[in-house]
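Coordinate analysis (summary)
What follows is each chain in one-letter form.
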Amino acid sequence: MVADLAVIGLGYVGLPLAQEATRSGLTVLGFDISQGVVDELNAGRSHVDDLVDGDIAEMRAAGFRATTDAAELATASTVVVCVPTPLSDEGGPDLRAVISASEAIAGRLRAGMLVILESTTYPGTTDEVVRPLLERTGLVAGTDFHLAFSPERIDPGNATFGMKNTPKVVGGHTGACTAAAAAFYRRFVDTVVEAKSTREAETAKLLENTYRHINIALVNEMAMFCHELDIDLWDVIRLASSKPFGFQPFYPGPGVGGHCIPIDPNYLSHNVRARLGYPFRFVELAQEINATMPTYVAQRVQNILNRDRKAVNGSRVLLLGVTYKRDIADQRESPAVPVARRLLALGADVTFHDPYVQEWNVNDAVLERVDDLEPALATADVVVVLQHHREYDGEMIAKNAVRVLDTRGFTPPSSTVEHL
């Protein structure tokens, strides 16, 4: 098989990319180090929220195939790296997967190949980490092969914006590299935005997520003092949102989850400290505020129980929605985990319900899942709404639960309901 494109990393980023490229008529090879993922895809089964089995079947019919054999990368004219970059123990990005992918490409690199990194990372990674690994072959980026960075903008569960209609930022090692990468993406993306270089493209991704991280922290801190001052923050946000300019609404919650918001801004903060020797104060303050939200939620539960003359120890607490985002099964960095951990540490009897999660592990133990929601609401001492899944009826929850702490603000106000 000679491939137009090889995608390294077949997760939430790589698989939608492979799908859209396949739809455009490109011959696509998928590479992943997980034999289980490869076997499932080759059998026509999806493992990510945004693609169903039928989508994989269509890709397979169009020639898509997955493999764990890195030697097959040599057949591709373009290779896109979509591997995870979690935080390291030191607080910066863990680049082991990026390095491993770069080494795999280097062993098969040939003149004329286009290599693009999509994994989120700190500014300079493409030029300072990936390029030297590839140039060990003797081939030179910008002369013998093209090298670029294009930040992924996949939003799991977003039914409006996907791979094709979300503008794609592209920055190359040279102007020719940028042009080559832009031409590649224009084959299946509606709008391509060219950056000055790889560093600007890398930093743009971090700015996008840092913007959200800081604004979420702002409303989370406002939620705390508005509660103390008996001010309805949700009504405040509604009122502020009536302004047609100069304001964009953000909403409080039990913390931040997913790969982007709790992780990506730390790349920039770590890079600033390491290279410039001083802190990125906005990012570090936002991280501090957002990281305290699970403990704050647990404290609010404790206060609710205290008003009913009950201790947390032995009380039944039902958590609704344990994924990091509504209407998807993705649990990466979900704030529901630290909320549950804190409540368990206080002695609460914690159960959960989530239409997208059948088994949930906290502290290496499987928590009890409630199957029949309505009677479970009535028997819990406190119901904590952590995620607003479409399946949840706010009025039904408020009507049947003894006490509710709603961190998402969608249940109707009543004497038994508190909003964050």
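Below or above, wherever it landed, is the structure these notes cover. (Residues numbered from 1 in each chain as written. Predicted model: local features only at pLDDT ≥ 70, side-chain atom pairs only at ≥ 80, totals over all residues. Heavy atoms only, no water.)

**Points about unusual backbone geometry**
Despite not being glycine, Asp230 shows a phi value in the positive range, around 60 degrees. Note that Asp230 resides in the loop between helix H7 (198–228) and helix H8 (233–240). Asp230 gets classed as exposed once you look at its relative accessible area, which sits at 73%. The backbone of Asp327 shows a phi angle near 65 degrees, a positive value even though the residue is not glycine. Along the chain, Asp327 turns up in the loop between strand E9 (316–320) and helix H11 (336–345). (Helix = DSSP H or I, 4+ residues; strand = E, 2+ residues; numbered from the N terminus. Buried < 20%, exposed > 50% of the residue type's maximum accessible area, 1.4 Å probe, protein only.)

**So, the pattern of salt bridges**
On inspection of all chains with the given rule, the structure shows 25 salt bridges. The partner of Glu284 in a salt bridge is Arg273, with the nearest N and O atoms 2.7 Å apart. A residue pair is termed long-range when its members are at least 10 positions apart, and Glu284 in helix H10 (residues 281–307) and Arg273 in helix H9 (residues 264–276) qualify at eleven residues. Classification of Glu284 as partly exposed rests on a relative accessible area of 28%. Judged by relative accessible area, which is 44%, Arg273 ranks as partly exposed. In this structure, Arg307 and Glu418 form a salt bridge, with 2.0 Å as the shortest nitrogen-oxygen distance. (Salt bridge = Lys/Arg side-chain N within 4 Å of Asp/Glu carboxyl O.)

**Concerning the nonpolar core**
Counting 37 residues, the largest nonpolar core has Ile8, Ile105, Leu109 and Leu134 as the members making the most contacts within it. The greatest single-element share of this core, amounting to five residues, is contributed by helix H4 (residues 96–106). If near-sequence neighbours (up to four positions away) are discounted, Ile8 is found in contact with Phe31, Leu73, Val79, Val80, Val81, Cys82, Val83, Ala101 and Ile105. Core analysis: the next-biggest nonpolar cluster, separate from the first, contains 34 residues, Val13, Val80, Leu114 and Ala181 among them. (Core = buried A, V, L, I, M, F, W, Y, C linked by side-chain atoms within 4.5 Å. Contact = heavy atoms within 4.5 Å.)

**Here's the deal with the packing of H9 against H10**
One can describe the packing of H9 onto H10 by two numbers: an axis separation of 9 Å at closest approach and a directional angle of 135 degrees. Looking at the two axes, H9 sits oblique to H10. Note on packing geometry: the crossing formed by H9 with H10 is left-handed. Along its contact with H9, which presents Pro265, Asn266, Ser269 and Arg273, the element H10 presents Val283, Glu284 and Gln287. Here the residues of the contact of H9 with H10 sort into two nonpolar, three polar and two charged. (Axes fitted to C-alpha atoms, helices over the stretch in contact; angles between N-to-C directions. Parallel < 35°, antiparallel > 145°, perpendicular 65-115°, else oblique. Left-handed = near helix turned anticlockwise from the far one by under 90°. Nonpolar A, V, L, I, M, F, W, Y, C, P; charged D, E, K, R; others polar.)

**A look at empty space enclosed by the protein**
One water molecule sets the probe size; rolling that probe over the atoms shows where empty space is left. One pass over the structure, following the stated rule, counts three cavities of 30 Å³ or more. For the largest cavity, the calculated volume is near 40 Å³. Forming the walls of the largest cavity are Arg153, Ile154, Gly162, Met163, Thr166 and Lys168. Tallied by class, residues from the lining of the largest cavity come to two nonpolar, two polar and two charged. (1 Å grid on protein atoms, 1.4 Å probe; cavity = no way out; pocket = protein on both sides within 12 Å on 5 of 7 lines; lining within 4 Å. Points joined across faces, edges and corners; volume = space filled by probe spheres on them.)

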